[in-house]
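Residues per chain are reported as follows:
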Amino acid sequence: MKKLNDVVGVDFLFVSSCDHNEGTNNHGLFQMFDFFRKNLDKKSIFVSMLSSLYSNQIDVFNISNLGGYMPLSFQINPTLINYGNSASWANMFKGGNKSVNNFENMAAKVLINAFPKHKYIVVADKVEIELSILKKVMDHFNSKLIIISAVNNTWTGLCSYPEEHKCEKYKFENGCDNECPALAKQSKYNSNFVTYNFTSTNDFVKNNINSVILNVGCSFSLNEANNSYLFKDVKKILIPLKNIETSKEFNQIWNEKKEKRKFLKKSLFNNFGIDNVNFFMSWSAYNIDEKRKGIDYLIESLKILKDKVGEDFEKFCLIICAKRNEEYEKILSKIGIKLAYYGFADRDTYNTIISASDVYCSTTISDAGPRTTYESAALATPIISFDNCNALDFVNSNNGALVKTYDVECFANELHRLSFSDEDSKKYMSKNMYDTYCDLMNTDNLANKWKSFFEEVESETLH
C-alpha cells in the first residue's frame, strides 16, 4: 500500500475531518473530490483527519492516527482543540507567543511530512486546519487554498447562515464579535472564539489574497460572499456541486412518477388512513423546528390556502420528512391539513415521496443548497421556493414558482395555482424542471467551467 506522501503529481489535495456525513455518503467535499477525480484531467486525492469510510490507500487516505493520543483533527482544528486535555498539542505549549509558535511549528511539520507535493489544498470549512498552521503548510509547498463553500460559514466569525439571525456584522470591518446572535444556539463555543475566528480569517486572507480561492454553488451564496468584509476581494467561482446523477429520458421519469404516485396513495392510506387526496405537497428538513428551514412560513401559507379553497382543502395532503416533533404535528393538525409525517425516511421511500408529489415546498431562509431542491428537480418535481439559496438559479414560473422570501401570501397563491393545474400543465412543468436541472448539472459543462477557471488561475500565476 502506498503512503500518502509517496503519491506524485498531485494537483488537488482535498482535506477534511471526514469523508462521510454521519455514516452516509453525502459529504459535500467528498462528492466534489469524486467529481474532480472522474471528470478533470488532473490528479486529486482525499485526506481524512478524524474518520474515514472510504480510505483505499490509493487516492483516499486516513491520517487521523498522526494526532498521537488524539485524532489529528482534535489537534489542529480550532473548534475541536481541547485545551484541558494533556494529550492536546496546544496544551503542551503554554504562555507567550514563542510557545504558540512552537505549537504551530510542530503541527505544521506533522502535516508537511504527511502531505505529498501539491498545487491546491481544498477544504469545505476554513477551520479544518488552524489558519496559522495552514499558512506554514501552504508556504512550504507553494500551494493555493480553495474553499468549497458547501456550508456558508466561510465569511462569518461563527454562524453558517447570517440571514437566519438577521445579522449583517459579517459585512463590516469591525465584523463578528462576542455579541454574536448565533452564540445562543452554539453554546459549545466561547464567545471569544467569534472575534478570534473573524480576526484570524481576516489576517490570513489579507496576507494570502493571491492564494485563496472561494467556490460557491449558487448566486445567493456569491452575493453574500461579495458583500462580506472578509471575502469581498477574494477570487471566486460559481460552480454548483453535482451530487445527483440523471441519465433517464423524461418520459421514463414521468411514467415512474405515475407509478410512484399509486404506491404513495396506498402508503398514505395504510399508514395514516389518508384517502381522497389529489394534491400532494412535500417538505423536508433534518429538524422541523430549525428556524432557517422556515416551517412557520409554510404553516402561515397553508392557513391562507385553506381560506382560499374552502372545502377543497380536504383534497390537499402535506407530507413531511423530518425528525419527529409533536408540537409541530399538533400545530399542523389544528390547521386541518391531511398530514403524513414520515420522520427520517430511508432513501428509497424519500425518493418515492418526492417523485410522487405535485410540488416540493422550500421555505428555507438561508443555505448553501439546500440539497433537497436539487433532489426534487432531479426527480422532475415542480418546486415552490423562496427567492434565495440555490432555487434562485433554476426555479421559475415554468417549473414551479419563485416567491419573494417571507411572502407567505404569495406562497399560498402559487400553491393554489399549481393545485388547479390540469394534467398537461403538470407534465409541462415537470418536464421543464427536469430539463432545467439536467442543463444546470450537465457534467461536461461543469467540468469545462472548472478547467477554464484553473487555466485562468495558472495563467495569472505565470504573469
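Keep in mind the model is a prediction, meaning the values are calculated, not measured.

## Points about the overall build of the protein chain
A tally of regular secondary structure across the protein chain gives 15 helices and 13 strands. For the protein chain, the C-alpha radius of gyration of 24 Å lies close to 23 Å, the compact-globule estimate for 463 residues. C-alpha extents for the protein chain along the principal axes are approximately 75 × 45 × 40 Å. Expressed as a percentage of its 463 residues, the buried residues of the protein chain come to 54%. Taking contacts inside the protein chain between residues at least 6 apart in sequence as the whole, the part at least 24 apart equals 65%. Carbon and sulfur atoms make up 46% of the accessible area of the protein chain, which amounts to about 21000 Å² in all. Distance between charge centres in the protein chain, computed from 54 positive and 57 negative side chains, equals 3 Å.

## With respect to helix α1 (residues 28-39)
With 12 residues, α1 extends 16 Å between its outermost C-alpha atoms, agreeing within 8% with the 16 Å of an ideal straight helix rising 1.5 Å per residue. The element α1 is largely enclosed, with a buried count of 9 among its 12 residues. Looking only at α1, the buried set comprises Gly28, Leu29, Phe30, Gln31, Met32, Phe33, Asp34, Phe35 and Phe36.

## Comments concerning the sheet that holds strand β11 (residues 359-362)
With parallel pairing, the 6 strands of this open sheet are ordered in space as β10-β9-β8-β11-β12-β13. Of all the strands in the sheet, just β10 (338-341) and β13 (400-403) have a single pairing partner and so form its edges. Direction aside, neighbouring strands of the sheet carry axes that sit 20° apart on average. Most of the contacts of helix α13 (residues 408-419) go to β13, to which it runs at about 170°, and overall it touches β8 (279-287), β9 (316-323), β11, β12 (383-386) and β13.

## A few points about the nonpolar core
Grouped together as the largest cluster of nonpolar side chains are 56 residues, with contacts concentrated most on Ile76, Phe115, Ile121 and Phe231. Excluding residues within four positions of it along the chain, Phe115 makes contact with Leu4, Asn5, Leu13, Val15, Val47, Ile63, Val137 and Phe141. By size, the runner-up hydrophobic cluster in this structure holds 53 residues, among which are Met32, Phe33, Tyr350 and Ile353.

## Looking at the packing of aromatic side chains
If you walk through the whole model with that rule in mind, you get 28 aromatic pairs. Geometrically, the ring pair formed by Phe386 and Phe411 is edge-to-face, given 5.6 Å between the ring centres and 75° between the ring planes. One end of the pair, Phe386, is in strand β12; the other, Phe411, is in helix α13, and 25 residues separate them in sequence. The class of Phe411 is buried, set by a relative accessible area of 0%. Arg292 extends its terminal NZ or CZ atom over the ring of Tyr161, reaching a point 3.8 Å from the ring centre.

## A few points about the environment of Lys334
With respect to the secondary-structure elements, Lys334 resides in helix α10 (residues 326-335). Taking the relative accessible area as the measure of exposure, Lys334 reaches 74% and is therefore exposed. Sequence separation of Lys334 and Asn178 is 156 residues, and the distance between their C-alpha atoms is 40 Å.

## Here we look at the sheet that holds strand β7 (residues 235-238)
Reading across the sheet, the 7 strands line up as β3-β2-β1-β4-β5-β6-β7 and stay open at both edges, with parallel pairing between neighbours. Unpaired on one side and paired on the other, β3 (60-62) and β7 mark the two borders of the sheet. Strand-to-strand, the axes of this sheet are offset by a mean angle of 25°, without reference to chain direction. Relative to β7, strand β6 (residues 212-216) is paired through 4 bridges, and the arrangement is parallel. Bridge assignment links Leu214 to a residue of β7, and that residue is Lys236. Contacting β6 and β7, helix α7 (residues 219-227) runs over the sheet at an angle of about 165° to β7. Of the strands in this sheet, β1 (12-18), β4 (120-123), β5 (144-148), β6 and β7 are in contact with helix α15 (residues 443-462), which crosses β7 at around 165°.

## Looking at the side chain of Asn197
Note on placement: Asn197 falls in helix α6 (residues 191-207). Judged by its relative accessible area of 6%, Asn197 falls in the buried class.

## Points about the pairing of strand β2 (residues 44-51)
Within β2, 6 of the 8 residues are buried, leaving the element largely enclosed by the surrounding structure. Sheet topology places β1 next to β2; 6 bridges connect them, and they run parallel. By the bridge assignment for β2, Ser16 is matched with Ser48. Handedness of the β1-α1-β2 crossover: right-handed.

## Describing unusual backbone geometry
Across residues other than glycine, the phi torsion is negative in most instances, and most of the peptide bonds are trans. Between Gly369 and Pro370 the backbone carries a cis peptide bond, its omega angle lying at 0°. For Pro370, the location among the structural elements is in the loop between β11 and α12 (371-378).

## Here's the deal with the pairing of β10
Bridge analysis of β9 against β10 gives 4 bridges, and the strand direction is parallel. Bridge pairing in β10 links Cys317 to Lys338. Taking the sense of rotation as the criterion, the β-α-β connection linking β9, α10 and β10 turns out right-handed.

## Focus on the pattern of salt bridges
Applying the stated criterion across every chain yields a total of 25 salt bridges. Salt-bridge contacts for Glu460 lead to Lys235; the nearest nitrogen and oxygen are separated by 3.3 Å. Placement of Glu460 in helix α15 and of Lys235 in strand β7 is noted, with a sequence separation of 225 residues between them. Here Glu460 falls in the partly exposed class, since its relative accessible area comes to 44%. For Lys235, a relative accessible area of 23% translates into the label partly exposed. Across the pair Lys426 and Asp358 runs a salt bridge, and its minimum N-O distance is 3.3 Å. You can see Lys426 sitting in helix α14 (residues 423-440) and its partner Asp358 sitting in the loop between α11 (347-356) and β11, a full 68 residues away along the chain. Taking relative accessible area as the criterion, Lys426 reaches 19% and is therefore assigned buried. In this structure Asp358 comes out as buried when scored by relative accessible area, which is 10%. In the salt-bridge network here, residues are joined through shared partners; they are Asp34, Arg37, Lys38 and Asp59.

Procedures and definitions
Residues numbered from 1 in each chain as written. Predicted model: local features only at pLDDT ≥ 70, side-chain atom pairs only at ≥ 80, totals over all residues. Heavy atoms only, no water. Helix = DSSP H or I, 4+ residues; strand = E, 2+ residues; numbered from the N terminus. Rg over C-alpha atoms; globule rule 2.2 N^0.38 Å. Buried < 20%, exposed > 50% of the residue type's maximum accessible area, 1.4 Å probe, protein only. Contact = heavy atoms within 4.5 Å. Areas by Shrake-Rupley, 256 points an atom, 1.4 Å probe, with all protein chains shown as cover. Lys, Arg positive; Asp, Glu negative; His and termini not counted. Charge placed at Lys NZ, Arg CZ, Asp CG, Glu CD. Expected span 1.5 Å × (residues − 1). Pairing = 2+ DSSP bridges. Axes fitted to C-alpha atoms, helices over the stretch in contact; angles between N-to-C directions. Core = buried A, V, L, I, M, F, W, Y, C linked by side-chain atoms within 4.5 Å. Phe/Tyr/Trp six-rings, centres within 6.5 Å; stacked < 30°, edge-to-face > 60°. Lys NZ or Arg CZ within 6 Å of the ring centre and 35° of its normal. Right-handed = clockwise from strand over helix to strand, strands pointing away. Salt bridge = Lys/Arg side-chain N within 4 Å of Asp/Glu carboxyl O.

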